[in-house]
Protein chains: 4
Amino acid sequence: MIDRTDQLPEAARESEVRSYSREWPVQFAHARGARVQDVQGRSYLDFFAGAGTLNYGHNPPALKEALLSYVAGDGITHSLDLFTAARTELLTALQQHVLTPRGLDYRVMFPGPTGTNSVEAALKLARKVTGRSSVVAFTGAFHGMSLGSLSVTGSESKRAGAGVPLAGVHRMPYDGFAGGTVNGPALLDAMLRSGNSGLDRPAAVIVETVQGEGGVNVASPEWLAELSDVCRRHDMLLIVDDVQMGCGRTGPFFSFETAGIVPDIVCLSKALSGYGLPMSLTLFRSELDVWEPGEHNGTFRGHNLAFVTAAAALRSYWRDNALENWTAHRAGHVEERLREVALRHEGLGARVRGRGLVWGLEFRDPELARRVGRAAFTRGLLVETSGARDEVLKLLPPLTVSDAELDEGLEIVAESVTAAAKDRAPQEARTS
Amino acid sequence: MIDRTDQLPEAARESEVRSYSREWPVQFAHARGARVQDVQGRSYLDFFAGAGTLNYGHNPPALKEALLSYVAGDGITHSLDLFTAARTELLTALQQHVLTPRGLDYRVMFPGPTGTNSVEAALKLARKVTGRSSVVAFTGAFHGMSLGSLSVTGSESKRAGAGVPLAGVHRMPYDGFAGGTVNGPALLDAMLRSGNSGLDRPAAVIVETVQGEGGVNVASPEWLAELSDVCRRHDMLLIVDDVQMGCGRTGPFFSFETAGIVPDIVCLSKALSGYGLPMSLTLFRSELDVWEPGEHNGTFRGHNLAFVTAAAALRSYWRDNALENWTAHRAGHVEERLREVALRHEGLGARVRGRGLVWGLEFRDPELARRVGRAAFTRGLLVETSGARDEVLKLLPPLTVSDAELDEGLEIVAESVTAAAKDRAPQEARTS
Amino acid sequence: MIDRTDQLPEAARESEVRSYSREWPVQFAHARGARVQDVQGRSYLDFFAGAGTLNYGHNPPALKEALLSYVAGDGITHSLDLFTAARTELLTALQQHVLTPRGLDYRVMFPGPTGTNSVEAALKLARKVTGRSSVVAFTGAFHGMSLGSLSVTGSESKRAGAGVPLAGVHRMPYDGFAGGTVNGPALLDAMLRSGNSGLDRPAAVIVETVQGEGGVNVASPEWLAELSDVCRRHDMLLIVDDVQMGCGRTGPFFSFETAGIVPDIVCLSKALSGYGLPMSLTLFRSELDVWEPGEHNGTFRGHNLAFVTAAAALRSYWRDNALENWTAHRAGHVEERLREVALRHEGLGARVRGRGLVWGLEFRDPELARRVGRAAFTRGLLVETSGARDEVLKLLPPLTVSDAELDEGLEIVAESVTAAAKDRAPQEARTS
Amino acid sequence: MIDRTDQLPEAARESEVRSYSREWPVQFAHARGARVQDVQGRSYLDFFAGAGTLNYGHNPPALKEALLSYVAGDGITHSLDLFTAARTELLTALQQHVLTPRGLDYRVMFPGPTGTNSVEAALKLARKVTGRSSVVAFTGAFHGMSLGSLSVTGSESKRAGAGVPLAGVHRMPYDGFAGGTVNGPALLDAMLRSGNSGLDRPAAVIVETVQGEGGVNVASPEWLAELSDVCRRHDMLLIVDDVQMGCGRTGPFFSFETAGIVPDIVCLSKALSGYGLPMSLTLFRSELDVWEPGEHNGTFRGHNLAFVTAAAALRSYWRDNALENWTAHRAGHVEERLREVALRHEGLGARVRGRGLVWGLEFRDPELARRVGRAAFTRGLLVETSGARDEVLKLLPPLTVSDAELDEGLEIVAESVTAAAKDRAPQEARTS
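Residues numbered from 1 in each chain as written. Chains lettered and ligands numbered in written order. Predicted model: local features only at pLDDT ≥ 70, side-chain atom pairs only at ≥ 80, totals over all residues. Heavy atoms only, no water.

Per an unreviewed UniProt entry, chain A is named Diaminobutyrate--2-oxoglutarate transaminase, and its organism is Streptomyces populi. The UniProt entry for chain A carries the following text under Sequence similarities (unreviewed entry): "Belongs to the class-III pyridoxal-phosphate-dependent aminotransferase family." (UniProt positions renumbered as here; feature names shortened; annotations may be inferred.)

Right, dumping it as structure tokens:
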């Protein structure tokens, strides 16, 4: 990683752990919709969206109004797990606009304000319910940075940060891993049937339907359905980590809807509050609700400002199918444009993957992906890379992006690929 | 736990894991300073303060104003670890009002928005720096609910929620444990000197200066200083978890200041944002900053609304010693009043412990502590119990509570003890 | 398991953990070559050979003579790791007859008297050398019952005996697992290349070339060679557990010789002393010898009676290729006879697998395998079952069995299959 | 450790892990009673006794005769857990001479041939019976080198050999640790009562009544009785590891008899076969016998030569109280002589500890203990050092040593201390 920020005074007091600011070495100040401004007044189109947190763009007006009114009126801000008016409103909206229409009989748990809190709660519950300690996770998975979530995360470098062996996890190949040569659910099934495989019966399987951090790896509906069957057959719980792919990122509210499966436990966070405010939920089938009171807790599990914006977001965007349909419609458009780019630069071996409004453009050479990201930044577009070696340009525009903005962003991507490929050519010529 | 809320419609969709709402079965709506109102308009004096999150009371005006203005002006809300104006302002205020005046050369890390994120980051860093995997924690400790933090937490019931053995932790007796018969730091020292004790050299020792959740157990300055010496002698890092006791709860900004020690790593959260907004920091000596970029991350580590209120809180309350002195002054008053109560009911064997504005009234019979809490609630006071068996009434008034409110609350406590003791007498007569 | 011994007085004082005596409920007294006698004087042909411990039969005369002479002359019996004349003689014989002829530059470690001691030492050394904690093991593996060895063993029921999660092991499919649909070495390679697979770089891979306890699963030379390549490519140590398959069971002294690989670490035990006396060795490339003196030890690592018989065995059976060639020659004969049996009872779906003088006859119905074993016992043949569900009749005649005895045993097997199949037929008729 | 053997040809092929042979760099050949001879015919008096394995001296005639006769008569040597005549004879002798006279209703398990097998089986059983995973072990403990046993062992350097964190163990101070300032059983009791101590209820406590390897640390009968009470009170199993201290080393057959306690599980090995042959047993209360058949196994659990000598040893030495009384009588004599030595060299701060015929002479300066050991060797006495830093000269003469031999050995110890102290004086003068 080339760091272009080390000399900035802003960096002086901070730990070396910061990362995004190394690529985008400016100070941001204001934001609205799909646009962010830095302190010098320069504007950026945002196809990063808080790594999938800002599905409705920055500071969406309906939510902002609800938030301002709540704060101005001295609504209670912090309430742990006490009942509050804002909380009840959120639970009601969730039931009405999300759970009931989808026929989901889920209990709702407030596990703390971040995705990793939700994953930790899910893993704890699965282990408690089943009395088993191991879980199955997949190659390429990202589930968070606290110890329980990190143990199911795949990244070698992030795992190294733990400083302790990350135990209790069996690892299976994700859909498409290693060129798709291994059927992960079938292998898991065979190992569980065997009685002699060394894979002790797990409490649960945890999976993302699309691996965002892992490089926009997309599991097919069939693969997910087979995985769900294996879970049922061997009495394991299926946990879908929908932290990044939920709340409409792939089209429907839950990313697993298209696969026709009903997970036992679902983790939601990121775009849930709709305003970038920390909040997460863990949903699970009501029979699984074996928690003792207070057995899992957390200081910020009652963040009422987030409840207010989350309720507003559900009412604004999920009272009907409009957003879902809109996202589906745009998916095709984005795919088409990206395929054109890939085709135009066939020599780069670029591959296009995605669903809804999460798309990846994978380059054979990771350096190229990073160079495209930098070229886009200089052209006023924020777009990050992901994957094990940052080899995938990852597009996460707000779902509410306008047609013009979407095309503008895709055009910058196209230009940036051209520019990056050109920069590279002479280098290659030299080395060959 | 008697649950008085099961019949409320609010509870219907929720997991059984909620706890506080079982004791205080009302729906809260508004709050200001030391007062909270429920939806029926009933007012409560708050000696709970979000379990130590609301050191400056609910919705303090100066912070509220800064927050409203930031939101109204479309300041960027969510920024991961990007540089933002709000973030720079916070770092500047922290340096100016907290670190520089105390001569502390700490690097600042944004580990995610909650205390448990900060503890997880501290443990990871300590293990990474030292290349060792085990840590020392104390009886009665509370450090959080994600797997790494839970492993250093003491509570048997909370640990049971993990569903996996919580490894890598050596447990030592806290100051005063088991009647103070064992000198924990001396025992630790002897075990580390021995070479044959089975206690592998730990990466770090993690400690609270006062164990809030553990029952307001107070470590003496001498004990803390001896512990710090043992850490230095054996090249272990000293982590002070100041999540609940920091930000002035015991008087000074950091609770360890009175012991004259300088921890290697400090965890801050809860009252840091000053407004009940999720935020935490991990501070550490700059030589320890061995993180790789992105080695620890988290979606909500850039919560700008919290940065805005936190900066305002530092400027409002920590530009001079006034609050610290005020807290010290009041400590004596609270202690005196509680000792009177304990003396008046000598037969209950009540014991008084505390520092600054965190005080515990321990009852021999845990049921009595719970009954006092309930009697206080019916008299309009929110005050929780803590300790292994909820045997300690734990007073955490806002630091900004007025003299009149403080006396009102203490008077309700006194009345509630009398009432609870009376209720109990006939019962005891019957059983004898 | 039908237990036919519970009523025997011999069982009264003993733990329920015993197993073999449940199938063969007699008291054995004397033994010689391939024959064992019970206390009633009944004789049995032994195609079990101490689960592969008695490769040269019971009490082979040359070894017996050396043993008697040593004991009679008050040779030192127990010596920990002191130098003794018997030990030097063994090391010399090992070098001369085994290591030098095969060009193997191995250091020799005496890890304690059993196979599991050798495996524990191998795992410790691999972790120490590499500084990594996890290892790769295979489905169907059996490596022993102490905690380290058990963690790499596959059997679900045996693992359950640990009472603690068995951590630090990644599990890969063995050659032929799940119908051979997954190439284990290739999957391992892909996961290690990925950087994001969640499989942290392991210290070592531990493998049996033929899984005896696992059901006589045979790895092909190509598969072993590919595995060895993957180890080299990713700088992992290759441990071959040759406890059951070493000392000529598959033909050559080491079972891995036919695959053309040179493991980094080799575990030997079982047939090593040649007389059924407890003894094991761990061999490893000399660069790996990073042990501190005494870092691994054990009371019975200097069992001189076993050294005496082991040296005699090496001199008697491994001074030339005669035994190896003889075993190879017989392998074809056994295979042919077993295939005839399988063919004759085609409806049973029996499958034949093996190498050298370890052969398995797998039945689709595990109950049938057990019934064949019992039928053989009543006909005077000792032959055990193995595999996850005891579905494989496992033939392990002494390598020194005479032609007549071999044919006698194979004839009893054939008769027993016929008898067991007949018993079964009416049952099946009834159920259909 | 000064190694005086590196140049010997015997060492050339061997791993660096060997240790004893570094101090006693000769090749031993014959042995009888308390005397060992090297290949050059030099004779040594043996106060080491195979680290407590040779309680009846080397090659005791009655056992030797039984062994020769059994081997000569082609008694079955290796039998796994099959019934054999030799095994039944052993079980009968154990019942008759050991269990019945002491009123002990123990089941007998054959866990494999070494002490570490017995400890592994004990830990597994305790975890299986209780369904809990952690155990309590003590500072200074030594229980073996396989992973489960190593996790309860105290030695820092041996633990480092594991290469993985050794989890699942709470460590308590042994009797006398750190100057006896902490009452271990009382601290354990307080932590278990607390509910908030972080010490999850353990499956078992494992303890040696005298820590031989740990430096001849002696637990008082009162301490052991209190520990036993704490176990009962909190429903934990008490495991006594009597591998080194059993079979009469401290006087009675079991070392715990004097404390008036009855452990739930007992581990026996070392001197059990009486001839230095690998063998161990695990004894436990019959209600604890929850093993599934074969759930723990091992190739060498049926070592009939050891059964033959073990049965002969029980009949020869334990049919009456003679040996026990004799040992008790000699204990006083040894203690007296050692105290004289300590007193004579008061400036060395030597301390004397022991019971029965296990005695330690601790020196303030570990180097001195090692020098005494070397001085003794040059004078023809084998005596080892133990303790965390080898600071304790550890006397383990055979229980059958003659009066003259005992005095001869003690005299050599006295001379060696004088010699070592003299060597040291000038050195100290030089350095000061």
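Text resumes after the structure shown.
Engineer: Where do I start with the overall build of chain A in this structure?
Structural biologist: Within chain A one finds 13 helices and 18 strands. For a compact globule of 432 residues, the expected C-alpha radius of gyration is about 22 Å, and chain A comes in at 22 Å, within 12% of that figure. Taking the principal axes of its C-alpha atoms as reference, chain A extends roughly 65 × 60 × 45 Å. Out of the 432 residues belonging to chain A, those deemed buried represent 68%. Across chain A, the fraction of contacts at a sequence separation of at least 24, relative to all contacts at a separation of at least 6, is 72%. Between the averaged position of the 45 positive side-chain charges in chain A and that of its 52 negative side-chain charges there is a distance of 2 Å. (Helix = DSSP H or I, 4+ residues; strand = E, 2+ residues; numbered from the N terminus. Rg over C-alpha atoms; globule rule 2.2 N^0.38 Å. Buried < 20%, exposed > 50% of the residue type's maximum accessible area, 1.4 Å probe, protein only. Contact = heavy atoms within 4.5 Å. Lys, Arg positive; Asp, Glu negative; His and termini not counted. Charge placed at Lys NZ, Arg CZ, Asp CG, Glu CD.)

Engineer: I tried to follow the nonpolar core on my own but got confused; where do I start?
Structural biologist: Nonpolar side chains tend to gather and get buried jointly when the protein is soluble and globular. Among the nonpolar cores identified, the biggest contains 452 residues, and B:Leu361, C:Leu361 and D:Leu361 are the most heavily contacted of them. Every residue in contact with B:Leu361, bar those within four places of it in the chain, is listed here: B:Leu338, B:Val341, B:Ala342, B:Ala350, B:Arg351, B:Val352, B:Glu391, B:Val392, B:Leu393, B:Val413 and B:Val417. (Core = buried A, V, L, I, M, F, W, Y, C linked by side-chain atoms within 4.5 Å.)

Engineer: How should I be thinking about the relation of the copies chain B and chain A in this particular structure?
Structural biologist: Between the two chain copies there is a screw-like relation: a rotation about an axis and a shift along it. Expressed as a screw transformation, the operator carrying chain B onto chain A has a rotation angle of 180 degrees and an axial translation of 0.0 Å, and the superposed copies differ by an RMSD of 0.0 Å. Expressed as a symmetry operation, the mapping of one chain copy onto the other fits a two-fold axis. Taking the C-alpha atom as reference, chain B places B:Leu147 closest to the rotation axis, 2.6 Å from it. (Least-squares fit on C-alpha atoms with pLDDT ≥ 70 in both.)

Engineer: Please explain the sheet that holds strand 5 (residues 106–109) of chain D as it appears in this structure.
Structural biologist: Two pairing modes exist for strands in a sheet, parallel and antiparallel, and in both the strands are linked by backbone hydrogen bonds. Residues and elements named next belong to chain D. Here we have seven strands laid out as an open sheet, ordered 5-13-12-11-8-6-7, and mixed in their pairing. A strand with exactly one partner marks an edge of an open sheet, and here the two such strands are strand 5 and strand 7 (169–172). Across the sheet, the axes of successive neighbouring strands diverge by a mean angle of 20 degrees, strand direction being ignored. Pairing between strand 8 (residues 204–207) and strand 11 (residues 237–241): four bridges, direction parallel. From the neighbouring strand, Ile206 faces strand 11, where its bridge partner is Ile239. Each of strand 5 and strand 13 (281–285) touches helix 4 (residues 85–99); the most contacted strand, strand 5, lies at about 145 degrees to it. (Pairing = 2+ DSSP bridges. Axes fitted to C-alpha atoms, helices over the stretch in contact; angles between N-to-C directions.)

Engineer: Is there a simple way to think about the interface of chain B and chain A in this case?
Structural biologist: Frequently, the measure chosen for interface size is the accessible area that the parts lose on association. Chain B puts 104 residues into the contact, and the matching count from chain A is 104 residues. When chain B packs against chain A, close to 8,600 Å² is buried across both sides, 62% of that on carbon and sulfur atoms. Looking at the side of chain B facing chain A, the largest losses of area belong to B:Arg13, B:Phe83 and B:Phe300, adding up to 10% of the total buried there. The interface formed by chain B and chain A contains seven salt bridges. Here B:Asp74 ties to A:Lys64 by a salt bridge, and the two come within 3.0 Å at their closest N and O atoms. Where chain B meets chain A, there are 46 residue pairs in polar contact (both at pLDDT 80 or more). Looking at chain direction, strand 4 (residues 83–84) of chain A and strand 1 (residues 27–32) of chain B are connected through two bridges and run parallel. Considered in strand 1 of chain B, the bridge of A:Phe83 is made with B:Gln27. (Buried area = accessible area lost by both parts, 1.4 Å probe. Salt bridge = Lys/Arg side-chain N within 4 Å of Asp/Glu carboxyl O. Polar contact = N/O pair within 3.5 Å; in protein donor to acceptor, adjacent residues only side chain to side chain.)

Engineer: Sorry if this is basic, but what is going on with the packing of aromatic side chains here?
Structural biologist: The tally for this structure, following the rule as stated, stands at 56 aromatic pairs over all chains. Seen in terms of ring centroids, B:Phe253 and B:Phe254 are 5.0 Å apart; in terms of plane orientation they differ by 85 degrees. Their pairing is edge-to-face. Across the pair, exposure class does not vary: B:Phe253 and B:Phe254 are buried alike. Look at C:Tyr20 and C:Trp24: their rings are 6.4 Å apart centre to centre, the planes differ by 25 degrees, and that puts the pair in the stacked class. By the burial criterion, C:Tyr20 is buried, and C:Trp24 matches it. Put simply, the rings of A:Tyr20, A:Trp24, A:Phe28, A:Tyr44, A:Phe48 and A:Phe377 touch in pairs and so form one group of aromatic residues. The side chain of A:Arg87 reaches across the aromatic face of A:Phe110, ending 4.3 Å from its centre. (Phe/Tyr/Trp six-rings, centres within 6.5 Å; stacked < 30°, edge-to-face > 60°. Lys NZ or Arg CZ within 6 Å of the ring centre and 35° of its normal.)

Engineer: Looking at this model, I keep getting lost on the pairing of strand 2 (residues 35–38) of chain D. Mind explaining?
Structural biologist: Within a regular strand, side chains alternate between the sheet's two faces. Residue and element names in this part refer to chain D. Along strand 2, the buried face is formed by Val36 and Asp38; none of Arg35 and Gln37, which line the opposite face, is buried. Turn length for the strand 1 (residues 27–32)-strand 2 hairpin, with the two strands adjacent in sequence and antiparallel, is two residues, and the turn residue Gly33 shows positive phi of about 60 degrees. Both strand 2 and strand 3 (residues 43–46) contribute to a ladder of three bridges, which runs antiparallel. Note that in strand 3 the partner of Arg35 across the bridge is Leu45.

Engineer: Would you explain the sheet that holds strand 3 (residues 43–46) of chain C in this entry?
Structural biologist: On the basis of which strands lie adjacent, the open sheet formed by five strands has the order 16(C)-3(C)-2(C)-1(C)-4(D) and mixed pairing. Looking at strand neighbours, the two that pair on one side only are strand 16 (381–382) of chain C together with strand 4 (83–84) of chain D, the edges of this open sheet.

Engineer: I keep staring at empty space enclosed by the protein and nothing clicks. Help me out?
Structural biologist: If you roll a probe as big as a water molecule over the atoms, it shows you where there is empty space left. Across all of its chains, the model carries 16 cavities of 30 Å³ or more by this definition. Approximately 100 Å³ is the volume found for the largest cavity. Every residue along the wall of the largest cavity is listed here: B:Val169, B:His170, B:Arg171, B:Met172, B:Met191, B:Leu199, D:Val169, D:His170, D:Arg171, D:Met172, D:Met191 and D:Leu199. Those elements that provide at least two residues to the lining of the largest cavity are strand 7 (169–172) of chain B together with strand 7 of chain D. For the lining of the largest cavity, the class distribution of residues is eight nonpolar, two polar and two charged. Size it by volume and the second largest cavity reaches roughly 80 Å³. (1 Å grid on protein atoms, 1.4 Å probe; cavity = no way out; pocket = protein on both sides within 12 Å on 5 of 7 lines; lining within 4 Å. Points joined across faces, edges and corners; volume = space filled by probe spheres on them. Nonpolar A, V, L, I, M, F, W, Y, C, P; charged D, E, K, R; others polar.)

Engineer: What's the story with the packing of helix 3 (residues 61–72) of chain A against helix 3 (residues 61–72) of chain B in this structure? I'm lost.
Structural biologist: Two packed helices can be described by the angle between their axes and the distance between those axes. The geometry of helix 3 of chain A relative to helix 3 of chain B is characterised by a closest axis approach of 10 Å and an angle of 165 degrees between their N-to-C directions. Compared by their axis directions, helix 3 of chain A and helix 3 of chain B come out roughly antiparallel. As for how helix 3 of chain A packs across helix 3 of chain B, the hand of that crossing is left-handed. Contacts from A:Lys64, A:Leu67, A:Leu68, A:Val71 and A:Ala72 in helix 3 of chain A reach B:Lys64, B:Leu67, B:Leu68, B:Val71 and B:Ala72 in helix 3 of chain B. Grouping the amino acids of the contact of helix 3 of chain A with helix 3 of chain B by side-chain chemistry returns eight nonpolar, no polar and two charged. (Parallel < 35°, antiparallel > 145°, perpendicular 65-115°, else oblique. Left-handed = near helix turned anticlockwise from the far one by under 90°.)

Engineer: For this particular structure, what's the right way to read the pairing of strand 1 of chain B?
Structural biologist: Summarising the sheet, strand 1 of chain B and strand 2 (residues 35–38) of chain B pair through four bridges and their orientation is antiparallel. Directly across from B:Phe28, in strand 2 of chain B, lies its bridge partner B:Asp38.

Engineer: When you look at helix 11 (residues 322–344) of chain D in this model, what are you seeing that I'm missing?
Structural biologist: Taking 1.5 Å per residue as the helical rise, helix 11 of chain D with its 23 residues ought to reach 33 Å, and the 34 Å between its terminal C-alpha atoms agrees with that figure. Buried within helix 11 of chain D are the following residues: D:Leu323, D:Thr327, D:Arg330, D:Ala331, D:Val334, D:Arg337, D:Leu338, D:Val341 and D:Ala342. (Expected span 1.5 Å × (residues − 1).)

Engineer: Would you mind showing me how to read the side chain of C:Asn59 here?
Structural biologist: Note that C:Asn59 resides in the loop between helix 2 (49–52) and helix 3 (61–72). A distance of 3.1 Å separates a polar side-chain atom of C:Asn59 from the backbone oxygen of D:Gly75. Polar side-chain contacts of C:Asn59 include one of 2.7 Å to the side chain of D:Thr77. The residues contacting C:Asn59, other than those within four sequence positions of it, are C:Ala31, C:Arg32, C:Lys64, C:Tyr275, D:Asp74, D:Gly75 and D:Thr77.

Engineer: What is the right way to read the side chain of A:Glu384 from this model?
Structural biologist: All names here are of chain A. Mapped onto the elements of the fold, Glu384 is located in strand 17 (residues 384–386). Within polar-contact distance, the side chain of Glu384 engages the side chain of Tyr20 at 3.1 Å. Not counting chain neighbours up to four residues away, the residues in contact with Glu384 comprise Tyr20, Trp24, Phe48, Ala51, Glu213, Val392, Leu393, Lys394 and Leu396.

Engineer: Would you explain the confidence of the model for chain A in this entry?
Structural biologist: Predicted coordinates in areas of low pLDDT are best not read in detail. Residue and element names in this part refer to chain A. Residues of chain A with pLDDT of at least 70 account for 95%, and the chain-wide mean is 95. Counting interchain partners and residues more than four positions distant, the pLDDT-below-50 stretch residues 428–432 has zero contacts. Across the interfaces of the predicted complex, the ipTM metric reaches 0.96, alongside a pTM of 0.96. (pLDDT = per-residue confidence, 0-100.)

Engineer: What exactly am I supposed to notice about the domain arrangement of chain A here?
Structural biologist: Residues and elements named next belong to chain A. Splitting chain A by domain gives domain 1 (5–60 + 321–431) and domain 2 (75–317). Listed by partner, the interface residues are 33 residues for domain 1 and 27 residues for domain 2. Roughly 2,400 Å² of surface becomes buried between domain 1 and domain 2 when both sides are summed, with 52% attributable to carbon and sulfur atoms. The largest per-residue losses of area from domain 1 upon contact with domain 2 belong to Thr53, Tyr56 and Arg355, which jointly make up 30% of the total buried on that side. Taken together, the links from domain 1 to domain 2 amount to one salt bridge. With a shortest N-O distance of 2.8 Å, Glu213 and Lys394 are connected by a salt bridge. At the junction of domain 1 and domain 2, the tally comes to 15 residue pairs in polar contact (both at pLDDT 80 or more). Only helix 2 (49–52), helix 11 (322–344), strand 14 (351–355), strand 15 (358–362), strand 17 and strand 18 (392–395) provide two or more residues apiece to the side of domain 1 that touches domain 2. Ranked by residue count, the leading element in the side of domain 1 that touches domain 2 is helix 2, at four residues. (Domains from an automatic or database assignment.)

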